Structures are given as structure tokens and as C-alpha cells.
Amino acid sequence: MVHLSWYLTVSAMLFCIGMFGFLTRRNIIMMLLCIELMLNSVNLNLAAMSHYMEDIRGQVLVFFIIAVAAAEAAIGLGIVVTLFRNYHSVHTEDITKLKG
Amino acid sequence: MVQLLFFYFAFVVIALGLRIVTCKNPVHSVLLMLVLFFHMAGFYLLLNAEFLAAVQIIVYAGAILVLYLFVLFLVNLKEEVRMSPFIEKGKWLGIVGALALFVTFLRGVKSFTLGPHGTYTIEKVQQLTHTKAMGEAVYTTYILPFEIAGIILLVAVVGGLALAKREKKGA
């Protein structure tokens, strides 16, 4: 028997790893990839809850999250391509135009 | 058996996650992410969500990661592998922050209780098949969010095109 709390713990670990990567990586593409990691951990959480509550709502929510994640990846990577065209870099420390 | 599979998936997912965020070469990270997505699909299979496992592989592994790979090839990464992958002084702050968040989550998990059970028992879902059960929910109760998801995808298509389009000289 696999307990719900095991799934929640794995999901929490994955979320924390994703947050660590998002806060510390300097490459913007890697930051976006870490967001995908966090979204995946939330999806796992929702699917596990849905399974253990014997309800389908959580899984429907996972379906919508995957759709929104696809849209987010498309727009985020479009922004990265534009940034690289203008700054010739995808590192966060090189993009300081608003700093004056 | 199910427990063994669960521990295998959990171990691989956590190990790959750690490797992904610490890997210097982004191409390696994206390829490891592919393996991680397959193991997430395995988790969904353990949770009796076959449709979600299929969607996970088709959309994440098939579409999103290919997009990431293409953008990585467009972007110059020659000096990337020689530099530190983390921002200055950010690594330890990040570790402390992530650990603090994890401890908070664990406290939450410990005191968590499930709400009332719904009507989709495992037997009912297996009898209906998972795809049909999902479809019935998506196309009746959740029809409005479904339409909104369609609009969001349309916005993503238009936005992606508008962002990646090269501007004309002098315009």
C-alpha cells in the first residue's frame, strides 16, 4: 500500500528542487525548465489527491495545467529568443537595462 | 510490487531533479528532463491515470522539450559550460530557502487529512475507462475552463509568432 503522504513528500521534494533551481540558475532557459519541474510536482500532487479522494476533479485540473504549461513554455521561449537577439546573452546578470 | 515501483520512480525522479538543477550543460539538463517526464508518466500509471500518462509523454516529452532543445540550439552556449551555472552567492541562499520550504511542506503533509470521497471509485473508472471518465468531466462540468484553455493556447500561438518575428529594418 502506497500512502498519500509518500506522494505528497516526493512532490514537495521535487517542488523544492525546482524552486532552488529557479532562484539560483543564471541561464534563463534553465529557469524556465525549473518552472516545468515545479509544475510537474504540482501535477503529481493533484493526481495523487484525486486518486486517493476517488474524485476526477484533480486529474481534470492536471489536464488544464499541462495545457497552460505548454502555452507558458511557448511564450517564455519566445521571450528568450528575443532577449538573445537584443543582448546576445541569456544570462540574468547581463540583462540590467532597467537598472539605469 | 506497487511499493517497489513507487520507490523506483521516486528515487529516479528526485535524483534526476537534483542532477538537472546542478548540471552545467543545459542540453544535458533537457535530455535528463526527458527521462524525468517518462518517470512522471510512470507515477500517473501507478495512480490509475492512463490518459494523463499519455498526455504527459505526448505534450511534455514530445512538444515542450523539443521546443526547449530548439531554443537551446538557437542560443550561443559556448561559454556556458565553462562558467558556474549558479548566480553569485546565490547557491547557499537557494539551498537554505529550498530546505526551509521543504520543512514547511513536511509539516503540512504531516497534519493533512483528506476531504470527503467523491463518486469516481477505482472500479468505476476502470469500468468506464479513464479517458472516458476524464472526457465526461471535461466536456460537461468543466466545459468553460476547457474553452478558456483553448483561448490560452491560441494566445500562446499568436504571442510566440509575434515575439519571434524579426522586425523590419527602419520600421
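Thresholds, definitions, all that
- Residues numbered from 1 in each chain as written.
- Chains lettered and ligands numbered in written order.
- Predicted model: local features only at pLDDT ≥ 70, side-chain atom pairs only at ≥ 80, totals over all residues.
- Helix = DSSP H or I, 4+ residues; strand = E, 2+ residues; numbered from the N terminus.
- Rg over C-alpha atoms; globule rule 2.2 N^0.38 Å.
- Contact = placed C-beta atoms within 7 Å.
- Buried ≥ 20, exposed ≤ 12 C-beta atoms within 10 Å, placed from the backbone.
- Nonpolar A, V, L, I, M, F, W, Y, C, P; charged D, E, K, R; others polar.
- Expected span 1.5 Å × (residues − 1).
- Core = buried A, V, L, I, M, F, W, Y, C linked by C-beta atoms within 7 Å.
- pLDDT = per-residue confidence, 0-100.
- Axes fitted to C-alpha atoms, helices over the stretch in contact; angles between N-to-C directions.
- Parallel < 35°, antiparallel > 145°, perpendicular 65-115°, else oblique.

**Here we look at the overall build of chain A**
In terms of regular secondary structure, chain A is built from three helices and zero strands. In sequence order, the secondary structure elements of chain A are arranged as α-α-α. Computed over the C-alpha atoms, the radius of gyration of chain A is 17 Å, more than 25% above the 13 Å expected from 2.2 N^0.38 for a compact globule of 100 residues. Seen through its C-alpha atoms, chain A measures out along the principal axes to roughly 55 × 25 × 20 Å. Within chain A, residue pairs in contact and separated by at least 24 positions form 46% of the contacts whose partners lie at least 6 positions apart.

**Remarks on the overall build of chain B**
In terms of helices and strands, chain B carries seven helices and zero strands. For a compact globule of 171 residues, the expected C-alpha radius of gyration is about 16 Å, and chain B comes in at 21 Å, more than 25% above that figure. Referenced to the eigenvectors of the C-alpha coordinate spread, the extents of chain B come out at roughly 60 × 45 × 30 Å. Here chain B holds 171 residues, and the buried ones make up 26% of them. Counting contacts in chain B only where the partners sit at least 6 residues apart, residues at least 24 apart contribute 53% of the total.

**Looking at the interface of chain A and chain B**
Taken together, the contacts link 60 residues of chain A with 68 residues of chain B. Broken down by secondary-structure element, the contributors of at least two residues to the side of chain A that touches chain B are helix H1 (4-24), helix H2 (28-53) and helix H3 (57-87) of chain A. Looking at the side of chain A that touches chain B element by element, the count peaks at 21 residues for H3 of chain A. Residues belonging to the side of chain A that touches chain B are distributed by class as follows: 43 nonpolar, eleven polar and six charged.

**Some words on H1 of chain A**
In this model, H1 of chain A (21 residues) spans 30 Å end to end at C-alpha, consistent with the 30 Å of a helix rising 1.5 Å per residue. Burial analysis of H1 of chain A places 15 of its 21 residues in the buried class, the great majority of the element.

**Comments concerning the nonpolar core**
By size, the foremost hydrophobic cluster in this structure holds 70 residues, and its most contacted members are Ile29, Leu33 and Ala47 of chain A together with Tyr44 of chain B. Contributions of two or more residues to this core are made by H1, H2 and H3 of chain A together with helix H1 (2-22), helix H2 (26-46), helix H3 (50-74), helix H6 (130-141) and helix H7 (143-164) of chain B. The element best represented in this core is H2 of chain A, accounting for 13 residues.

**Digging into the environment of Lys110 of chain B**
Residue and element names in this part refer to chain B. Inspection of the secondary structure puts Lys110 in helix H4 (residues 90-110). For Lys110, a count of 10 C-beta atoms within 10 Å gives the class exposed. Sequence separation between Lys110 and Val158 is 48 residues; the distance between their C-alpha atoms is 44 Å.

**A look at the confidence of the model for chain B**
In this model, chain B carries a mean pLDDT of 87, and residues with pLDDT of at least 70 account for 98%. Predicted complex, confidence summary: ipTM 0.90, pTM 0.90.

**Some thoughts on the environment of Lys97 of chain A**
Residue placement: Lys97 of chain A occurs in the segment after H3. Here the alpha-carbon distance between Lys97 of chain A and Tyr87 of chain A, two residues ten residues apart in the chain, equals 9.9 Å.

**Details of unusual backbone geometry**
A positive phi angle, near 55°, is found at His88 of chain A, a position not held by glycine. Positionally, His88 of chain A belongs in the segment after H3. Here His88 of chain A falls in the exposed class, since 10 other C-beta atoms lie within 10 Å of it. The backbone phi angle of Thr129 of chain B is positive, close to 75°, even though this residue is not glycine. Looking at the element boundaries, Thr129 of chain B is found in the loop between helix H5 (122-128) and H6.

**Focus on the environment of Val80 of chain A**
The residue Val80 of chain A is located in helix H3 in this model. The spatial distance from the C-alpha of Val80 of chain A to the C-alpha of Gly21 of chain A is 17 Å, given a sequence separation of 59 residues. If near-sequence neighbours (up to four positions away) are discounted, Val80 of chain A is found in contact with Ile28, Ile29 and Val90 of chain A together with Val71 of chain B.

**Thoughts on the packing of H2 of chain A against H3 of chain A**
For any two helices packed against each other, the geometry is given by the interaxial angle and the distance between the axes. Residues and elements named next belong to chain A. Interaxial distance between H2 and H3 falls to 9 Å at its minimum, and their mutual angle equals 175°. By the angle between their axes, H2 is roughly antiparallel relative to H3. The residues of H3 that touch H2, namely those facing Ile28, Ile29, Leu32, Glu36, Leu39, Val42, Asn43, Leu46, Ala47, Met49 and Ser50, are Arg57, Gly58, Gln59, Leu61, Val62, Ile65, Ala69, Ala73, Gly76, Leu77, Val80 and Leu83. A breakdown of the residues in the contact of H2 with H3 according to their chemical character gives 16 nonpolar, five polar and two charged.

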